[in-house]
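Structural overview
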Amino acid sequence: MSKKIFESIYHDLKDKIQQGTYSYQELLPTEGELTEMYDCSRNTIRRAISELADDGYVQPMHGRGVRVIWQKENHRAQGLLEGTESFQEYAKRNGFVPSTEVISFDEITCSPGLAQRSGFAEGIKLIRVVRVRSLDGIARQVDTGYFLASAVPGLTPEYATKSVYGYLEHNLGMHILTSKRCITVQLATDLDRQNMDLGPYNCVAVVESQSYNSRGVMFEYTQVHHHPDTFSFISVSRR
């Protein structure tokens, strides 16, 4: 099975669901119709449908078809706990215009404290990037990322302003495979208050992630501080 064909179908169907071409509770075209539509095998369609089901977009029903179960919530952005989604992809999926300001970009040596917290080895070289991420012009995230210097040669503040993942995948050819996340609620830091209008809130949602490439190497540890007004992450479970 061509991975490129499968991924293309998966993303096309997901976009159509998000844009309302296939609306909530509607049945997708039949498997036969989809194979004709995409000019591919039934196995390729089944793989794409299986992934959509894993991500909570559809529910296959034996003998009845595949029903759309995804609903757009307008009051706040949603992010799946599964997947390795970039900020640009996250904004596009939720219908926002994204922007990023890099407020710090430097090379550091991993300290004992950072090594214990991040999982990187003490003493290795890291690129530290601090960014303020905005949705529709309103600052909603403060993102502090640590990248393994040897894994991100040529990374610049300009690339970090656009998309680090875009640079890694398209310029360096890296295959980003896995991300482990921990979500907590913490008191807002001075950096949070300086860069986000928190209003009545004294806390933020913090998502810590460790990301691995296809070689099993951890190339990133990131802490993203989310504004409470737009933080809503969901997890999909299947029994």
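What you are looking at is a predicted structure, and each value in this text was computed from that prediction instead of being measured.

With respect to the packing of helix 2 (residues 31-38) against helix 3 (residues 42-54)
- Contact pair helix 2 / helix 3: the axes reach a minimum separation of 9 Å and the direction vectors enclose 105°. Judged by the angle between their axes, helix 2 and helix 3 are roughly perpendicular. On helix 3, the residues that touch Glu 31, Gly 32, Leu 34, Thr 35 and Tyr 38 of helix 2 are Arg 42, Ile 45, Arg 46 and Ile 49.
- Classifying every residue of the contact of helix 2 with helix 3 by side-chain character gives four nonpolar, two polar and three charged.

Things to note about helix 7 (residues 164-171)
- Residues Val 164, Tyr 165, Gly 166, Tyr 167 and Leu 168 constitute the buried set of helix 7.
- Looking at the packing, one finds that the buried side of helix 7 touches strand 5 (125-135), strand 6 (138-148), helix 6 (157-162), strand 7 (176-187), strand 8 (203-213) and strand 9 (218-226).
- Its side-chain oxygen placed 2.9 Å from the backbone nitrogen of Gly 166, Ser 163 serves as the N-cap of helix 7.
- Backbone geometry just downstream of helix 7 places Gly 173 in the positive-phi region, at approximately 70°.

What about the pattern of salt bridges?
- Tallied over the entire structure, the rule returns eight salt bridges.
- A salt bridge links Asp 143 to Arg 131; the nearest nitrogen and oxygen atoms lie 3.6 Å apart. Here the residue Asp 143 occupies a position in strand 6, and Arg 131 occupies one in strand 5, the gap between them amounting to twelve residues. As far as the burial class goes, Asp 143 and Arg 131 line up, both buried.
- A salt bridge links Arg 133 to Asp 143; the shortest N-O distance between them is 3.1 Å. With a gap of ten residues between them, Arg 133 in strand 5 and Asp 143 in strand 6 connect regions that are remote in the sequence. Per residue, the accessibility class of Arg 133 equals that of Asp 143, and both read buried.

Conventions we followed
Residues numbered from 1 in each chain as written. Predicted model: local features only at pLDDT ≥ 70, side-chain atom pairs only at ≥ 80, totals over all residues. Heavy atoms only, no water. Axes fitted to C-alpha atoms, helices over the stretch in contact; angles between N-to-C directions. Helix = DSSP H or I, 4+ residues; strand = E, 2+ residues; numbered from the N terminus. Parallel < 35°, antiparallel > 145°, perpendicular 65-115°, else oblique. Contact = heavy atoms within 4.5 Å. Nonpolar A, V, L, I, M, F, W, Y, C, P; charged D, E, K, R; others polar. Buried < 20%, exposed > 50% of the residue type's maximum accessible area, 1.4 Å probe, protein only. Polar contact = N/O pair within 3.5 Å; in protein donor to acceptor, adjacent residues only side chain to side chain. Salt bridge = Lys/Arg side-chain N within 4 Å of Asp/Glu carboxyl O.

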